[in-house]
Amino acid sequence: MCAEAVELARDAAAQAAHPHPLGEYLGAVAEGDRLVTHFFAGEEPGYPGWRWGVTVARAARARYVTVDEVALLPGPDALLAPEWVPWSERLRPGDLGPGDLLPAEGDDPRLEPGFVPPPGEEIVEEDAEEAGLIRRGGVADIAGELGLGRRRVLSWYGLQDAADRWEEEFGPETPMAQAAPASCLSCGFLMPMAGALRQAFGVCANEFSPADGRVVSLAYGCGAHSEAAVTPKAAQPAPPVIDHLAADPL
Ligand code: SF4
């Protein structure tokens with residue numbers, strides 16, 4: 001009886017689809033005992049491949065079939081939205097704006113434990129902002145002066161990750177470096193870096209370079225290299241000699 005209740009299902013689907021017309025009958029699927037879903041093609045603009053599903057049911061020992069549910073459902077070729085991706089996985093470099101917060105996860109592989117303050121000198125939240133990362137006058141203070149005051153520091157993975165990224169943008173394989181007269185290693189505009197990566201990277205301080213203010217590989221280079229060929233200055237024309245104001249006698 002449920003499988004034969006096509007007209008009942010069609011009326012319900014047409015009512016739900018109003019004011020759009022209902023498409024052709026697409027068939028039925030048995031969902032369970034006395035429970036069948038009939039499908040009709042949908043004609044809704046913006047929903048290609050979707051179809052109206054009307055589930056009809058008959059109670060035990062009942063003589064009538066009733067409509068249980070009507071829904072617009074995606075068919076096998078339906079146009080669907082892409083799978084939802086959490087916001088934290090959608091972020092891209094440059095997405096962070098003023099006022100945005102993006103704290104690193106506790107298990108961020110780019111970081112590893114750094115300085116652990118001695119007992120009694122733990123940083124308390126209330127004065128953390130005022131005192132910076134450390135309290136004045138203790139072991140933590142001295143550690144901070146020595147650059148050891150950070151609770152987490154870059155891990156080996158974090159260093160490698162940064163080095164790969166920098167090298168891709170300002171490394172020896174870039175077209176600019178390939179055409180450069182010499183590498184950054186011998187350039188007077190290179191500012192050395194501190195830390196583990198100083199043997200491979202520095203900071204460019206030439207305002208005319210595309211890498212000004214950026215971390216560059218020592219094997220990078222550009223045409224603004226400090227020792228690039230010196231451009232000869234154009235010869236100055238001699239000042240005009242005006243020896244009289246009358247017409248030349250020819
Ligand atoms: S000016 Fe060019 S060669 Fe010199 S440090 Fe900057 S990028 Fe390297």
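Residues numbered from 1 in each chain as written. Predicted model: local features only at pLDDT ≥ 70, side-chain atom pairs only at ≥ 80, totals over all residues. Heavy atoms only, no water.

S.K.: Would you mind going over the sheet that holds strand β1 (residues 22-32) with me for this structure?
M.R.: Sheet strands associate in pairs through backbone hydrogen bonding, adopting either a parallel or an antiparallel arrangement. One open sheet holds the four strands; their spatial order is β1-β2-β3-β4, and the pairing between them is antiparallel. Both outer strands of the open sheet, β1 and β4 (66-74), are each paired with one neighbouring strand and no more. Strand-to-strand twist of the sheet, defined as the mean angle between neighbouring strand axes without regard to direction, takes the value 20 degrees. Each of β1, β2 (35-42), β3 (50-57) and β4 touches helix α1 (residues 6-17); the most contacted strand, β3, lies at about 130 degrees to it. (Pairing = 2+ DSSP bridges. Helix = DSSP H or I, 4+ residues; strand = E, 2+ residues; numbered from the N terminus. Axes fitted to C-alpha atoms, helices over the stretch in contact; angles between N-to-C directions. Contact = heavy atoms within 4.5 Å.)

S.K.: Teacher, can you tell me more about unusual backbone geometry here?
M.R.: A negative phi angle is the norm for most residues apart from glycine, just as the trans form is the norm for most peptide bonds. Note that the residue after His-18, namely Pro-19, is joined by a cis bond; omega there is 15 degrees. Within the secondary structure, Pro-19 sits in the loop between α1 and β1.

S.K.: What exactly am I supposed to notice about the site of the ligand here?
M.R.: Lining the immediate surroundings of the ligand are Cys-184, Cys-187, Leu-190, Cys-204, Asn-206, Ser-209, Tyr-220, Gly-221, Cys-222, Ala-224 and His-225. Its residues assigned to classes, the shell around the ligand comprises seven nonpolar, four polar and no charged. (Near = heavy atom within 4 Å. Nonpolar A, V, L, I, M, F, W, Y, C, P; charged D, E, K, R; others polar.)

S.K.: Would you take a moment to explain helix α5 (residues 156-169) for this structure?
M.R.: Helical geometry: 3.6 residues make up each α-helical turn, so side chains three or four residues apart lie on a common side. For α5, built from 14 residues, the straight-helix expectation of 20 Å at 1.5 Å per residue is met to within 8% by its first-to-last C-alpha distance of 20 Å. Where α5 is concerned, the buried positions are Gly-158, Leu-159, Ala-162 and Ala-163. Buried residues of α5, seen end-on, are gathered within an arc of 130 degrees and therefore sit on one face of the element. Turned more than 90 degrees away from the buried face of α5 sit Trp-156 and Glu-168, all of them exposed. For α5, the elements touching its buried residues are β6 (152-154) and β8 (201-204). (Expected span 1.5 Å × (residues − 1). Buried < 20%, exposed > 50% of the residue type's maximum accessible area, 1.4 Å probe, protein only. Arc of directions from axis to C-beta.)

S.K.: Help me out: how do you make sense of the side chain of Glu-44 in this one?
M.R.: Counting through the fold element by element, Glu-44 comes out in the loop between β2 and β3. Comment: no salt bridge for buried Glu-44; closest opposite-charge side chain is Arg-51, at 12 Å. A polar contact is formed between the side chain of Glu-44 and the side chain of Trp-52, at a distance of 3.4 Å. Ignoring anything within four residues of it in the chain, the contact list for Glu-44 reads Ala-17, His-20, Trp-52 and Leu-72. (Lys, Arg positive; Asp, Glu negative; His and termini not counted. Salt bridge = Lys/Arg side-chain N within 4 Å of Asp/Glu carboxyl O. Polar contact = N/O pair within 3.5 Å; in protein donor to acceptor, adjacent residues only side chain to side chain.)

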